[in-house]
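These are the residues of each chain, in order.
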Amino acid sequence: MKIKIYDDILTSLKKINVNCSDEFTVEIPNIIEHGDFSSNVALINTKIIKIKPRDLAQKIADDLSKKKDYKSIEIAGPGFLNFKLANHLYYKELKNIIAEQKDYGSSNYGQKKKVLIEFISANPTGPLNIVSARAGAYGDTLFRIMGHIGFEPFREFYVNDAGNQVDIFAESLEIRYRELHGHSIEEFPFEAYHGEYIKDLAVELNTIEGTKLFHMTEEDRLDRMKTFALAEIHRMQVASLDRFDVQFDNWMSEKKLRLEGILEEALSYLAEAGCTYEKDDAVFFSSTKFGDVKDRVLIKADGNPTYLVPDIAYHLTKYNRGFDIIIDVLGPDHHGHVSKLRAAIKALELDDSKLEVVFLQHINLLQDGEVVKMSKRAGKIVSMDDLLDEVGKDAARYFFINRKPSAHLDFDLELAKKKSSENPVFYCQYAYARINSIIKKAKKVKLSLKKFDVKNLSKLNKADELNLIKKMMDLGSVLNLCADNREPHRLAAYVHELAGMFHKYYAKYKIIDEGKADLSLARLYLISAVQNVISISLDLMGISSPKKM
RNA sequence: GCGCCAAUAGCUCAGUUGGAUAGAGCAACGGAUUUCUAAUCCGUAGGUCAGGGGUUCGAAUCCCUUUUGGCGUGCCA
């Protein structure tokens, strides 16, 4: 609808022969007296053309008033144009909402651009924690929204299943395995993984292998430990994600990248570009040429690559796979890393404007009012499964999506555990369930929308009713904003507002009035549309729409 | 030291990309159920948008600066 008004103004500008910037906006004003939509078109052009804002506004208003689509066009303040729409436009949109069902709000806005969203990418050395849960809710919701409005999004999880940390992980398992067989351990190494789940893994491994592993060479044994542990952890992570309704289109293995020689490929490209040099027995990347603060080591003096190399190689594959937009969703402790990566991408002569990094800010986990420190190696984790056990998928997802990514998040465990009205997800779901029960009651009194004549939509003439429709038709632009800014939290706010408008409407008006069948049916039609829009919104956030609560 | 992110009601956060009188939820207080679900609604109260300066018709929003907090600045990943 904003687009329609925008186009109307453009056409009008041409007609009255005013040549000015098309960078004006059409918005829904905060204050209801300012109309349904307002535009600043006359204001932004004061410098370019020499017409007073209010005069220009008047000319546009005069022209557009000839159309039947506007109930009124007013000029306000310094020169705002305030539009009130004719009711028939609302009814037309309402019919669309009902007709399009789950497809309402979808569009080809994304122009089929291929988008790679990499998120979570947690280390394969333990169960997923609450940080991964935030990333999961965020990345998956962004995926769903972008898919709805015509992008071609792709979800990927990068598995760091090679390198130093995986060796340490295997050694940690070895220690626990030895403990099972009565080997005394003087002191558990500090850098090893301390989590209790490793003991469980050891027990599992023991039931499969028994004492067989002791007859192997140390190298073979550790290798077996590694393979077993990685597979088990992967299985655990997939299971947790399933509970959270998060799936991936691809799990990219670092080990596989290494085996396929992509690391060497990336290194040779960098060398060809003349961006590497040797010093102190190590190979350096002259990243300072590309805006980094210092040069970085690629190959350590011991001959092993640093973590940067596989990461460059991984991003090389992202580019080679032809994505138009590459989104990395990372934790806040990785931002030092991006300047290096970006430098490498420039060195490889790839278009670094395609790469976007979203940093999800820290989560402070509060328990009894105190911050709990989370660390995998110290074994103090609140796992994603714990969270799901406590608050359930719907509340957890809403909780995470409800905040913009750049905001720090205090997660109060006690509060999140409460299944009460303090949690806004119930408010939205309740609106859906309420509508459902009204429709059920309508059937009992033989009111069926099948008998509804859309001519009777004119019965919907209360401001509250038109405002509900206005809110619903804003879905498309909300989704566009969510996608463009990579900020799905806007959808959470939107559905909460829509649910609130419905609850207020419900309290004020009776939907089913058996004496007035036409009015009742018109209102049923309206709330069915509300139900549909709430359900679409919740779906896009991966939250269920319960018929009963 | 340098870099990134933040600072809005007692608390947790929005704020449609620079718009008109800064909004929700929770907490507090007062009210509404013979009724389509009270997990709801109505009302009251709560603000120097961290401080200062600048840009312009117009700033919570953009620029500069100060303060405070988080994180980064490894031949760890």
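A. Geometry of the nonpolar core. The biggest cluster of nonpolar side chains holds 115 residues, and the ones touching the most others in it are L94, F400 and M472. Of the residues forming this core, the biggest block, 13 residues, is contributed by helix α19 (residues 517–540). Mapped onto the domain boundaries, this core takes at least three residues apiece from domain 1 (2–85) and domain 2 (91–109 + 422–540). Other than its neighbours up to four places away in sequence, F400 contacts I130, A133, R134, A137, F244, I363, L387, L409 and F411. F323, I326, A347 and L355 belong to the second-largest nonpolar core, a separate cluster that totals 31 residues.

B. Spatial organisation of the sheet that holds strand β3 (residues 70–76). The antiparallel open sheet is built from four strands, whose spatial order is β1-β2-β4-β3. Each edge of the open sheet is held by one strand with a lone partner, namely β1 (26–27) and β3. Its contacts with the sheet put helix α3 (residues 53–64) on β3 and β4 (80–85), and the angle it makes with β3 is roughly 170°.

C. Representation of the packing of aromatic side chains in the model. Applying the stated criterion across every chain, the model contains 16 aromatic pairs. Geometrically, the ring pair formed by Y6 and F24 is stacked, given 4.5 Å between the ring centres and 25° between the ring planes. You can see Y6 sitting in helix α1 (residues 2–15) and its partner F24 sitting in the loop between α1 and β1, a full 18 residues away along the chain. In this structure F24 comes out as buried when scored by relative accessible area, which is 4%. Three or more aromatic residues link up through ring pairs in this structure, and these residues are F119, F157, F248 and W251. Across from the ring centre of F143, 3.8 Å away, lies the NZ or CZ of R155, which sits over that ring.

D. Molecular detail of the side chain of D63. Considering the arrangement of structural elements, one finds D63 in helix α3. Setting aside anything within four residues of it in sequence, one finds D63 in contact with S12 and K15.

E. Main features of the sheet that holds strand β12 (residues 355–359). Taken in spatial order, the five strands of this open sheet run β7-β6-β5-β11-β12, and their pairing is parallel. Looking at the sheet topology across the chains shown, the edges are occupied by β7 (250–253) and β12. The average undirected angle you get between the axes of adjacent strands in this sheet is 25°. Of the pairings in the sheet, the one linking strand β5 (residues 114–118) to strand β11 (residues 325–330) comprises four bridges and is parallel in character. The residue bridging E118 from the neighbouring strand is D328, located in β11. With respect to the sheet, helix α5 (residues 130–148) is in contact with β5, β6 (152–159), β11 and β12, its orientation differing from that of β6 by roughly 160°. Taken strand by strand, helix α11 (residues 308–320) contacts β5, β6, β7, β11 and β12, and its axis lies near 160° from that of β6.

F. Layout of the pattern of salt bridges. In total, this model carries 35 salt bridges according to the counting rule given. A salt bridge links K15 to D63; its shortest N-O distance comes to 3.5 Å. Of the two residues, K15 sits in helix α1 while D63 sits in helix α3, which places them 48 residues apart along the sequence. Judged by its relative accessible area of 61%, K15 is exposed. Salt bridges linked by common partners bring D140, R144, R155, D249 and R397 together as one network.

G. Focus on the protein's contact with RNA strand B. As a structural note, the neighbourhood of RNA strand B is formed by 64 residues, with E27, Y430, R434, S437 and N485 the closest of them. By atom count, sugar and phosphate contribute 59% of the portion of RNA strand B lying within 4 Å of the protein. One of the side-chain N or O atoms of K294 is found 2.6 Å from a phosphate oxygen in RNA strand B. Take Y506: an N or O atom from its main chain is 3.0 Å from a base nitrogen of RNA strand B. In terms of residue count, the dominant contributor to the surface near RNA strand B is helix α15 (residues 424–444) (eight residues).

H. Representation of the confidence of the model for chain A. Residue-level pLDDT values for chain A average 89, and 94% of them are 70 or greater. In the model of chain A, strand β14 (residues 370–372) stands out as the element of lowest mean pLDDT, 63, in contrast to β5, which has the highest, 97.

I. Local environment of the environment of D518. If you trace the backbone, D518 turns up in helix α19. A C-alpha to C-alpha distance of 9.5 Å links D518 and L447, two positions 71 residues apart in sequence. Setting aside residues no more than four positions away along its own chain, D518 makes contact with F452, N456 and K459.

J. Focus on the environment of S107. Position of S107 relative to the elements: it lies in the loop between α4 (87–100) and β5. As for S107 and A162, which are separated by 55 residues in sequence, their C-alpha atoms are 41 Å apart. Each residue touching S107, except ones within four places of it in the same chain, is listed here: H148, I149, G150 and N480. Reaching out from S107, the side chain makes a polar contact with the backbone nitrogen of Y109 at a distance of 3.3 Å.

K. Representation of the domain arrangement of chain A within the structure. Here chain A is described as being made up of domain 1 (2–85) and domain 2 (91–109 + 422–540). In this structure, domain 1 and domain 2 have C-alpha centres spaced 29 Å apart. Of the residues lining the interface, eight residues belong to domain 1; the matching set on domain 2 comes to six residues. Interface area for domain 1 against domain 2, summed over the two sides, is near 460 Å², with a carbon-plus-sulfur share of 60%. Ranking the residues of domain 1 by area buried against domain 2 places K2, I28 and I32 at the top, with a combined share of 55%. Inspection of the domain 1/domain 2 interface yields two salt bridges.

Conventions and cut-offs
- Residues numbered from 1 in each chain as written.
- Chains lettered and ligands numbered in written order.
- Predicted model: local features only at pLDDT ≥ 70, side-chain atom pairs only at ≥ 80, totals over all residues.
- Heavy atoms only, no water.
- Core = buried A, V, L, I, M, F, W, Y, C linked by side-chain atoms within 4.5 Å.
- Buried < 20%, exposed > 50% of the residue type's maximum accessible area, 1.4 Å probe, protein only.
- Helix = DSSP H or I, 4+ residues; strand = E, 2+ residues; numbered from the N terminus.
- Domains from an automatic or database assignment.
- Contact = heavy atoms within 4.5 Å.
- Pairing = 2+ DSSP bridges.
- Axes fitted to C-alpha atoms, helices over the stretch in contact; angles between N-to-C directions.
- Phe/Tyr/Trp six-rings, centres within 6.5 Å; stacked < 30°, edge-to-face > 60°.
- Lys NZ or Arg CZ within 6 Å of the ring centre and 35° of its normal.
- Salt bridge = Lys/Arg side-chain N within 4 Å of Asp/Glu carboxyl O.
- Near = heavy atom within 4 Å.
- Polar contact = N/O pair within 3.5 Å; in protein donor to acceptor, adjacent residues only side chain to side chain.
- pLDDT = per-residue confidence, 0-100.
- Buried area = accessible area lost by both parts, 1.4 Å probe.

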